[in-house]
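Working through the structure, step by step
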Amino acid sequence: MNGWLFWIGTLATLIVAAALIEAYVKRNRKRKLTDMRPDPDKISKVGGIERYGLDPLALAQAEHRRLEEEGWVPDPSQDETTAPDTGEKDK
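Below, the structure is looked at part by part. Position labels on residues start from 1 in each chain and follow its written sequence. Only residues with pLDDT of 70 or above have their local features reported here, since the model is predicted, and side-chain atom pairs are shown and tallied only from 80 upward, although totals for entire chains, interfaces and linings are computed over all residues. To get the side-chain values, take all heavy atoms of the structure and skip hydrogens and water.

**Some thoughts on the overall build of the protein**
The cut-off we apply is this: The helix count covers DSSP runs of H or I at least four residues long, the strand count covers runs of E at least two residues long, and both are numbered beginning at the N terminus. Between buried and exposed lies partly exposed: a residue is buried under 20% and exposed over 50% of the maximum accessible area for its type, with that area taken using a 1.4 Å probe on protein chains only. Here the accessible surface of atoms and residues is derived via Shrake-Rupley with a 1.4 Å probe, and residues count as covered only by protein chains that are part of the display.
The number of helices and strands found in the protein is six helices and zero strands. Listing every helix and strand of the protein by position from the N terminus yields α-α-α-α-α-α. Taken over 91 residues, the protein has a buried fraction of 1%. Carbon and sulfur atoms make up 60% of the accessible area of the protein, which amounts to about 9,300 Å² in all.

Structure below.
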């Protein structure tokens, strides 16, 4: 009976040692940074942009053209960064 326990213990020890060695090797394997970087084509594909044919640059340019054609001027009543009585304090 003691012989069986010895071999079972030896087998379990070998399995645990193999798992620890594998974990150590995987953790300390040196990789190039370029290998870890995701594919540039996948980075630029934000969800929905390619699917619906939306190009953020073209959309921004179209919005800029629209604002230039309309002669957009900021409305002071909607500008929340300035207080209404700023000019009076300077006088």
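**A look at the packing of aromatic side chains**
Applied cut-off: By convention, a stacked pair of Phe, Tyr or Trp rings (six-membered ring in the case of Trp) has centres within 6.5 Å and planes under 30 degrees apart, an edge-to-face pair has planes over 60 apart, and any other such pair is tilted.
Applying the stated criterion to the full structure yields one aromatic pair. Ring centres of Phe6 and Trp7 lie 5.2 Å apart, and the angle between their planes is 70°; on these two criteria the pair is classed as edge-to-face. Across the pair, exposure class does not vary: Phe6 and Trp7 are exposed alike.

**Details of the pattern of salt bridges**
Just so we agree on the cut-off: We define a salt bridge as a contact between a side-chain nitrogen of Lys or Arg and a carboxyl oxygen of Asp or Glu at a distance within 4 Å.
For the structure on display, the rule yields three salt bridges. Here Glu63 and Arg66 are joined by a salt bridge, their closest N and O atoms 2.5 Å apart. Pair noted here: Glu63 and Arg66 are both in helix H5 (residues 56–70), with a separation of three residues, about one helical turn. Owing to a relative accessible area of 36%, Glu63 belongs among the partly exposed residues under this scheme. Where Arg66 meets Glu70, a salt bridge forms, and the shortest distance between an N and an O atom there is 3.0 Å. Pair noted here: Arg66 and Glu70 are both in helix H5, with a separation of four residues, about one helical turn.

**With respect to a nonpolar patch on the surface**
Going by this rule: Residues enter a patch when their relative accessible area is above 30% and they make no salt bridge; the linking distance is 9 Å between like charges and 5 Å between nonpolar side chains (Val, Leu, Ile, Met, Phe, Trp, Tyr).
Where nonpolar side chains cluster on the molecular surface, the patch consists of Ile21, Tyr24 and Val25 and spans about 330 Å² of accessible area. Summarising the element assignment, Ile21 is placed in helix H1 (residues 2–27). What makes Ile21 exposed here is its relative accessible area of 55%.

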